[in-house]
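Listed below, chain by chain, are the residues.
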Amino acid sequence: MKKSNIFAFIEFSKLAEGLRTAAEAGKLKEQLKSQAAYFNIIEPKYFSEDLVEEWENILGSTRKSGAKINEEGRIVSNAVTNTIEQMSEVECKVLVDRVNALYDKLKKEFE
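A. Up close: helix H4 (residues 49-61). Within H4, burial applies to Leu51, Trp55, Ile58, Leu59 and Ser61. Buried positions in H4, seen along its axis, are confined to an arc of 160 degrees and lie on one side of it. Of the residues in H4, the exposed ones pointing more than 90 degrees away from the buried face are Glu49 and Glu53.

Written out as structure tokens, the structure reads:
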């Protein structure tokens, strides 16, 4: 079985650490929005077969609201940022818990 790509591990480490710090400070939604780019750059193909589906499910939950479009039809907020903005604090906590659980599994692949 192939391990996840080192790129996924390094970038996911940054994402998870940033979210853990925010959880301690009680600012999950703000930190999720500031880390939103990670949900766009860490592609599922970088994960092992055991973890890819879990990451795809997380990505799906971060894009469910789609992009925010203004009156002129221009995108003013991408799908990830718009979806996070509409999440409740409880939903943000659930998302962070899912990211952290996946990170723990990813970390084990590299131990």
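B. Representation of the pattern of salt bridges. Applying the stated criterion across every chain yields a total of six salt bridges. Salt-bridge contacts for Arg20 lead to Asp104; the nearest nitrogen and oxygen are separated by 3.2 Å. Of this pair, Arg20 sits in helix H1 (residues 6-25) while Asp104 sits in helix H6 (residues 89-109), placing them 84 residues apart in sequence. The class of Arg20 is partly exposed, set by a relative accessible area of 26%. For Asp104, a relative accessible area of 33% puts it in the partly exposed group. Close ionic contact of Glu54 with Lys105 constitutes a salt bridge, the shortest N to O distance being 2.9 Å. Taken together, the residues span a long stretch of sequence, with Glu54 in helix H4 and Lys105 in helix H6 at a distance of 51 residues. Residue class for Glu54 comes out partly exposed when judged on its relative accessible area of 22%.

C. Seen up close, the side chain of Asn100. Position of Asn100 among the secondary structure elements: in helix H6. Side chain to side chain, Asn100 and Arg20 meet in a polar contact 3.4 Å long. If we ignore the near neighbours within four places in the chain, the residues touching Asn100 are Ala16 and Arg20.

D. Highlighting the nonpolar core. If you look at the biggest cluster of nonpolar residues, it comprises 29 residues, and the most contacted ones within it are Phe12, Leu15, Leu32, Phe39, Phe47, Trp55 and Val99. Other than its neighbours up to four places away in sequence, Leu15 contacts Gln35, Tyr38, Phe39, Trp55 and Val99.

E. Representation of the packing of aromatic side chains within the structure. In the structure shown here, the tally under the stated rule is eight aromatic pairs. An angle of 15 degrees between the planes, with centres 5.9 Å apart, marks the rings of Phe39 and Trp55 as stacked. With a gap of 16 residues between them, Phe39 in helix H3 (residues 36-41) and Trp55 in helix H4 connect regions that are remote in the sequence. For the pair shown, Phe39 and Trp55 are each scored as buried. Ring plane angle 35 degrees and centroid distance 5.5 Å describe the contact between Phe47 and Trp55, whose orientation is recorded as tilted. Of the residues examined, Phe47 reaches a relative accessible area of 3% and is grouped as buried. In this structure Trp55 comes out as buried when scored by relative accessible area, which is 0%. Among the aromatic residues, ring-to-ring pairing joins Phe9, Phe12, Phe39, Phe47, Trp55, Tyr103 and Phe110 into one connected group.

F. The arrangement of the packing of H4 against H6 in detail. Across the interface, H4 lies against H6 with an axial gap of 11 Å and an inter-helix angle of 155 degrees. Relative to H6, the element H4 lies roughly antiparallel. In terms of crossing hand, the pair formed by H4 and H6 is left-handed. Contact residues: H4 offers Leu51, Glu54, Trp55, Asn57, Ile58 and Ser61, while H6 offers Leu95, Arg98, Val99, Leu102, Lys105, Leu106 and Glu109. Of the residues in the contact of H4 with H6, the class split is seven nonpolar, two polar and four charged.

The rules we used
Residues numbered from 1 in each chain as written. Predicted model: local features only at pLDDT ≥ 70, side-chain atom pairs only at ≥ 80, totals over all residues. Heavy atoms only, no water. Buried < 20%, exposed > 50% of the residue type's maximum accessible area, 1.4 Å probe, protein only. Helix = DSSP H or I, 4+ residues; strand = E, 2+ residues; numbered from the N terminus. Arc of directions from axis to C-beta. Salt bridge = Lys/Arg side-chain N within 4 Å of Asp/Glu carboxyl O. Polar contact = N/O pair within 3.5 Å; in protein donor to acceptor, adjacent residues only side chain to side chain. Contact = heavy atoms within 4.5 Å. Core = buried A, V, L, I, M, F, W, Y, C linked by side-chain atoms within 4.5 Å. Phe/Tyr/Trp six-rings, centres within 6.5 Å; stacked < 30°, edge-to-face > 60°. Axes fitted to C-alpha atoms, helices over the stretch in contact; angles between N-to-C directions. Parallel < 35°, antiparallel > 145°, perpendicular 65-115°, else oblique. Left-handed = near helix turned anticlockwise from the far one by under 90°. Nonpolar A, V, L, I, M, F, W, Y, C, P; charged D, E, K, R; others polar.

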